[in-house]
Amino acid sequence: MQVTMSSSLHSLPWPAQTLVSNFNSPLELKQAHAYLIKTNTPLSLIPPSRIASVCALSHLDFSYAHRLLAHFHQPHIVVWNSCLKTLAESDSPFDAILLFRRLREFDVVPDSFTCAFVLKACTALLDDKNGKIIHGVVEKFGFQWNMVLQNIILNFYGLCGEMSTARLVFDKMPQRDVVSWNVMITHLVKSGDFEGAYGFFSRMPERNVRSWTMMISACVHSGRPKEGVELFMEMEKIGVQVNEVTVVAVLSACADLGALELGMRIHEYSKRSGFGRNVRVLNTLIDMYVKCGCLEEARRVFEEMEERTIVSWSAMIQGLAIHGHAQEALRVFSMMIEMGVMPNGVTFIGLLHACSHMGLVDKGRRFFSCMTRDYGIIPEIEHYGCMVDLYSRAGLLQEAHEFIMNMPIKPNGVVWGALLGGCKVHKNIELAEEATRHLAQLDPLNDGYYIVLSNIYAEAERWEDASRVRKLMKNRGVKKKPGCSSIMVDGVIHEFVAGDDSHSQANEISDMWEKLLDYMKLKGYKPDTSVVLLDVEEKEKEKFLYGHSEKLALCFGLINTPPGSVIRIMKNLRVCEDCHAAFKLISAIVNREIVVRDRNRFHCFKDGACSCQNYW
């Protein structure tokens, strides 16, 4: 009659029980083995998985373990698979590959689990050579039917950057599930092939929430937030239940697009669905409200958070800074430090922005110095760019130039662009020309830098130089990016391009502007034609001014939104000085709050004033 392992173990003396079940080395295993032979006790008392784990990594000990396991009814490969899994998930996954080689030397036949565990090790190491060998084993032993294994192979090739091979594997798979499609989409997105990823998504016979979420997130990261929002709408329509990751992706799209109405609806959904305490969701909500011009809502989310991370604090500081609330941004930073939260590099970008927009040069210098001195944060290119911007805005152009020359890392286009912007405001042609020479090498197709230099020449009435710059743009194939503004009304985004009169309400928009113009002139408004840097008649300059995209969007908003509601406009370029002055007057005339997000910052126009203390 066969005795069970547990009863047999208990029948042994206590030291022997420990020796047989808890050996930690091949030597102790051999001692346990000898004891069992000497006492005529069944070898089956020894745990086979422990035999494998203590003998796996030595050739001689492996041979001994291989012979010993022959006395067990359990198949060899089942025992070794347990060991392979442990090694693959350890800090030394290459040991799993070594063990697999030893198994093949001893003709231990692998199964699909063996291949899966070793592939996991190859994936962790991005070991394409051994991974391909295991793929060959899969083909040789006919494991192609195993869809889980095939999906692991797909993921392996994707992580190794071999998308062409992954596509071949995918095409040859006898069957595929939603995971197979999702793996392909994930790696196509990571490789920057948005069109390829969308092609796979479009052909999917079945999609789950991960499929939709990945594609929405891909739209955001590839600069297609509008398509991301449209995908979410479609997802909602067919009744796919969203999760926290979906919410974060859609809120990011809303932030980039300025889609406040949808963002607020997602916020409400998050509260109902129990996502309202998810820190990542809340951090994204802060970012969304900030970028949609709702600073009060962002502040409310921040203040109601039960737990705040450094991301939460940094997002709030950055939001306050770009909305012109620099002093409050500094106050929030002080509160953060008092609560023992350590800042990071992003925190200091927000602080330096705040100092830059307020002209707090000395405070900005102190923040830049204390980054490394007090917090061990090495400044990155963004921090250097902020400092150049700080000096340039304050008119300290020579100091900005010296700062660039002494940077320990090579300045990029943003750094030289900040100096160029300061040169425009403070009319320094010599430094502007130097900045542009560097920019022409660093970012030769960026139209903005050529335009700024051309405008600097035009303001100085150096028309020939201005013309030369524009001719240079043409010769280099650089096209001027047209001003474009968008406004969302009733869930629909309406876009306006400077000088465009093709909108279906173009006549009404023109009439609205003429009425506003009459009121504005009564309040002393005079068109600032100096921003139209063309050598044309004043009347023509005024015509150009009145066709600016943000003015068209504003008039459309006044026509199509209820009295008293806030008008929110997003613009791809900076708001010009004339539009800035006009919007201040209009906010008082129509008694409406007008929030404009331009390329640099937010402008909140209310009661004849702007939240920014100065335009620049």
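Being a predicted model, the structure only gives us computed values, none of them experimental.

**Student:** Would you mind going over the UniProt feature "repeat: PPR" (unreviewed entry) in the chain with me for this structure?
**Tutor:** Here the UniProt feature "repeat: PPR" (unreviewed entry) sits at residues 177–207, 208–242, 278–308 and 309–343. Taken end to end, residues 177–207 is 74% helix and 0% strand, and its first and last C-alpha atoms sit 10 Å apart. Secondary structure content for residues 309–343 is 74% helix and 0% strand, while the C-alpha to C-alpha distance between its ends is 10 Å.

**Student:** I keep staring at the pattern of salt bridges and nothing clicks. Help me out?
**Tutor:** One side chain can pair with another of opposite charge once the charged atoms of both are near each other. For the structure shown, the criterion picks out 25 salt bridges. The salt bridge partner of Lys132 is Glu162, with a shortest N-O separation of 3.3 Å. With a gap of 30 residues between them, Lys132 in helix 9 (residues 128–140) and Glu162 in the loop between helix 10 (147–159) and helix 11 (163–172) connect regions that are remote in the sequence. Lys132 gets classed as partly exposed once you look at its relative accessible area, which sits at 39%. Salt-bridge contacts for Glu306 lead to Arg277; the nearest nitrogen and oxygen are separated by 3.5 Å. Taken together, the residues Glu306 in the loop between helix 19 (295–304) and helix 20 (310–322) and Arg277 in the loop between helix 17 (260–273) and helix 18 (279–291) connect sequence positions 29 residues apart. Since its relative accessible area comes to 67%, Glu306 is described here as exposed. A relative accessible area of 67% means that Arg277 is categorised as exposed.

**Student:** In this structure, what is going on with the domain arrangement of the chain? I would like to understand it.
**Tutor:** Many authors give the size of an interface as the accessible area that is lost as the parts come together. Split into domains, the chain comes out as domain 1 (380–480) and domain 2 (484–610). Averaged C-alpha coordinates put domain 1 and domain 2 at centres separated by 28 Å.

**Student:** Hey, could you run me through the packing of aromatic side chains in this one?
**Tutor:** Both the distance between ring centres and the angle between the ring planes are used here to describe each pair of aromatic rings. Evaluation of the coordinates by the stated rule reveals 24 aromatic pairs. Residues Phe141 and Phe143 carry aromatic rings whose centres are separated by 6.1 Å and whose planes lie at 15° to one another, so their mutual orientation is stacked. Residue Phe141 is classed as partly exposed on the basis of its relative accessible area, which comes to 27%. Note on Phe143: relative accessible area 10%, which makes it buried. A ring pair is formed by Phe333 and Phe367, whose centres lie 5.5 Å apart and whose planes are at 85°; its orientation type is edge-to-face. Note that Phe333 is positioned in helix 21 (residues 326–338) and Phe367 in helix 23 (residues 361–375), a separation of 34 residues in sequence. Residues Phe333 and Phe367 agree in their burial class; the two are buried. Linked through ring pairs, Phe194, Tyr198, Phe201 and Trp212 together constitute an aromatic cluster.

**Student:** Hey, could you run me through the packing of helix 22 (residues 345–358) against helix 23 in this one?
**Tutor:** The relative placement of two packed helices comes down to the angle between their axes together with the axis-to-axis distance. Between helix 22 and helix 23, the least distance of the axes is 9 Å, while the angle of their chain directions is 165°. As the angle between them shows, helix 22 and helix 23 are arranged roughly antiparallel. The crossing of helix 22 and helix 23 is right-handed. Each of Phe348, Leu351, Leu352 and Cys355 in helix 22 lies in contact with helix 23, whose residues at this interface are Lys363, Gly364, Phe367, Phe368, Cys370, Met371 and Tyr375.

Definitions and cut-offs
Residues numbered from 1 in each chain as written. Predicted model: local features only at pLDDT ≥ 70, side-chain atom pairs only at ≥ 80, totals over all residues. Heavy atoms only, no water. UniProt positions renumbered as here; feature names shortened; annotations may be inferred. Helix = DSSP H or I, 4+ residues; strand = E, 2+ residues; numbered from the N terminus. Salt bridge = Lys/Arg side-chain N within 4 Å of Asp/Glu carboxyl O. Buried < 20%, exposed > 50% of the residue type's maximum accessible area, 1.4 Å probe, protein only. Domains from an automatic or database assignment. Phe/Tyr/Trp six-rings, centres within 6.5 Å; stacked < 30°, edge-to-face > 60°. Axes fitted to C-alpha atoms, helices over the stretch in contact; angles between N-to-C directions. Parallel < 35°, antiparallel > 145°, perpendicular 65-115°, else oblique. Left-handed = near helix turned anticlockwise from the far one by under 90°. Contact = heavy atoms within 4.5 Å.

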